Amino acid sequence: MAGVAENIIRIKSTLPSNVNLIAVSKTKPASDIQKAYDAGQRIFGENKVQELVSKYDALPKDIEWHMIGHLQSNKVKYMAHFVSLIHGVDSFSLLKEINKQAQKNNRIQNVLLQFHIAQEETKFGFSYDEAEQMLSSNEYDNLENISVVGIMGMASFTDNQSQIHTEFKMLKSYFDQLKKQFFSDKNSFKEISMGMSGDYQIAIEEGSTMVRIGSSIFGGR
Ligand SMILES: *Cc1c(COP(=O)(O)O)cnc(C)c1O
């Protein structure tokens, strides 16, 4: 396999200009992240809070750290002072805790709402109805330290390309509907985080603005 720097440069050269690359560095050492950094990459994604915090402490401070994994409410406080974007907000109670910790840190925390689009039960996320209920509530309106900047989803782990297309299309349609219903006056609501090493080309065809790529950059885990 080519080196980390070559992979970053090759993948970036294939992405449309409106699509951001999140380099998913989970389980990989800081030295690998430094190689990607030296090749110009500035956005990294991690899925465990403890690992995210120790890498934040060890690496250059102009890195934008994204939390992409399933997040437990009791861990939010450890990263609330620096995390740039939380992709996996999948419950109202988690969103409220993020708001509380952002307030303590005097920040506005950017988040994405995660939707369940895969046929697999194991994946997390809101249904459209659940998200609609939350976004319509007064309690949501009173959360002053969060900004919902878009949505995120994961397709089924399958070789069936048409199924992946269908699932990403569904996420895009959720985005369009939410934009119309709740965010029409908010330019900041613009991100669709979808696509990983195995399916990011399909995700881009279906309207992704953020691809989360790990193994194609850093090798298998
Ligand atoms: C691990 C992970 C990725 C990256 O997966 P690859 O297949 O290695 O590109 C993307 N998104 C989430 C949520 C992940 O946990």
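Relevant structure appears above.
Below: a short report on this structure. (Residues numbered from 1 in each chain as written. Predicted model: local features only at pLDDT ≥ 70, side-chain atom pairs only at ≥ 80, totals over all residues. Heavy atoms only, no water.)

### Examining the overall build of the chain
Spelled out, the test is: Secondary structure follows DSSP: runs of H or I at least 4 residues long count as helices, runs of E at least 2 residues long count as strands, and numbering of each begins at the N terminus. Radius of gyration means the value over C-alpha atoms here, while the globule rule gives 2.2 Å times the residue count to the 0.38 power. Buried residues are those whose accessible area, probed at 1.4 Å on protein chains only, stays under 20% of the maximum for their type, while exposed residues exceed 50% and partly exposed ones sit between those limits. Whether two residues are in contact is decided by their heavy atoms, any of which lying within 4.5 Å being enough. For accessible areas, the Shrake-Rupley method is used with a probe of radius 1.4 Å. Any residue's cover is judged against the shown protein chains and nothing else. His is not counted, nor are the chain ends; Lys and Arg add positive charge and Asp and Glu add negative charge. Here the site of a charge means NZ on Lys, CZ on Arg, CG on Asp, or CD on Glu.
In terms of regular secondary structure, the chain is built from 10 helices and 8 strands. The globule rule puts the C-alpha radius of gyration for 221 residues at 17 Å, and the 17 Å found for the chain is close to it. Projected onto the principal axes, the alpha-carbon positions of the chain cover approximately 50 × 45 × 30 Å. For the chain, buried positions account for 51% of its 221 residues. Pairs at least 24 apart in sequence give 59% of the contacts found in the chain among residues at least 6 apart. If you sum the accessible surface of the chain, you get close to 10500 Å²; carbon and sulfur atoms cover 48% of it. Each charge class in the chain can be summarised by its mean position, and for the 24 positive and 26 negative side chains these summaries are 5 Å apart.

### Structural notes on the pairing of strand E3 (residues 64-67)
Selection criterion: In this description, strands pair whenever DSSP reports at least two bridges between them. A crossover gets the label right-handed when its path from the first strand over the helix to the second runs clockwise, viewed with the strands pointing away from the viewer.
Strand direction decides the pairing type here: strand E2 (residues 43-46) and E3, joined by 4 bridges, are parallel. Residue pairing for E3: Phe 44 is matched across the bridge by Trp 65. Note on the crossover from E2 through helix H3 (residues 49-58) to E3: the handedness is right-handed.

### Side note on the site of the ligand
The following threshold applies: The near set for a molecule or strand comprises every residue that places at least one heavy atom within 4 Å of it. We call two N or O atoms a polar contact when they sit within 3.5 Å, provided that within protein one can donate a hydrogen and the other can accept it, with sequence-adjacent residues counted only if both atoms are side-chain atoms. The method works on a 1 Å grid over the protein atoms by themselves. A cavity is a set of points holding a 1.4 Å probe that cannot get out, a pocket is an open set with protein on both sides within 12 Å along at least five of seven lines, and residues with an atom within 4 Å of a point line them. Placement in a cavity or pocket follows one criterion, namely that more than half of the molecule's atoms lie within 2 Å of its grid points. Residue classes follow a fixed rule: Ala, Val, Leu, Ile, Met, Phe, Trp, Tyr, Cys and Pro count as nonpolar, while Asp, Glu, Lys and Arg count as charged, and any other residue, Gly among them, counts as polar.
Neighbouring the ligand are the residues Val 24, Lys 26, Ile 68, Met 152, Met 154, Met 196, Ser 197, Arg 212, Ile 213, Gly 214, Ser 215 and Arg 221. Ser 215 is positioned such that a nitrogen or oxygen atom in its backbone is 2.8 Å from an oxygen atom of the ligand. The protein chains hide 90% of the 390 Å² of surface that the ligand would expose on its own. More than half of the atoms of the ligand fall within 2 Å of the grid points belonging to the largest pocket. Along the lines of polarity and charge, the residues of the shell around the ligand split into 6 nonpolar, 3 polar and 3 charged.

### Section: the environment of Gln 109
Looking at the secondary structure, you find Gln 109 in strand E5 (residues 109-115). Overall, the relative accessible area of 1% leaves Gln 109 in the buried class. Distance in space between the C-alpha atoms of Gln 109 and Glu 97 is 11 Å, their sequence separation being 12 residues. Setting aside its immediate chain neighbours within four residues, Gln 109 contacts Ala 80, Val 83, Ser 84, Leu 85, Ile 86, Ile 98, Ala 102, Asn 145, Ile 146 and Ser 147. Side chain to side chain, Gln 109 and Arg 107 meet in a polar contact 3.2 Å long.

### Considering the nonpolar core
Cut-off, in case you're wondering: Grouping buried Ala, Val, Leu, Ile, Met, Phe, Trp, Tyr and Cys residues that are joined through side-chain atoms within 4.5 Å yields what is termed a nonpolar core.
In this structure, Met 79 and Tyr 140 are the most contacted members of the largest nonpolar core, which totals 62 residues. When residues of this core are assigned to their parent elements, the largest contribution, 6 residues, is made by helix H8 (residues 161-182). If we skip the residues at most four places from it in the chain, Tyr 140 touches Phe 92, Leu 95, Met 134, Leu 135, Ile 146, Val 148 and Phe 183. The next biggest cluster of nonpolar side chains, apart from the first, holds 7 residues, and it includes Ile 22, Ile 43, Val 149 and Met 152.

### Digging into the packing of aromatic side chains
Just so we agree on the cut-off: In this analysis, rings of Phe, Tyr and Trp, with Trp reduced to its six-membered ring, are considered paired at centre separations within 6.5 Å, and the interplanar angle assigns stacked below 30 degrees, edge-to-face beyond 60, and tilted for intermediate values.
All chains considered together, the criterion is met by 7 aromatic pairs. Centroid distance Tyr 128 to Tyr 174: 5.4 Å. Interplanar angle 50 degrees. Geometry classified as tilted. Linking Tyr 128 in helix H6 (residues 128-136) with Tyr 174 in helix H8, this pair joins segments that are 46 residues apart in sequence. Here the two residues Tyr 128 and Tyr 174 agree in accessibility, since each one is buried. Considering the side-chain rings of Phe 175 and Phe 189, the 4.9 Å spacing of their centres and the 5 degrees angle between planes classify their relative orientation as stacked. On the criterion of sequence distance, the pair formed by Phe 175 in helix H8 and Phe 189 in the loop between H8 and strand E7 (191-193) is long-range, its members being 14 residues apart. The same class applies to Phe 175 and to Phe 189, which are both buried. A network of ring pairs unites the aromatic residues Phe 115, Phe 126, Tyr 128 and Tyr 174 as a single cluster.

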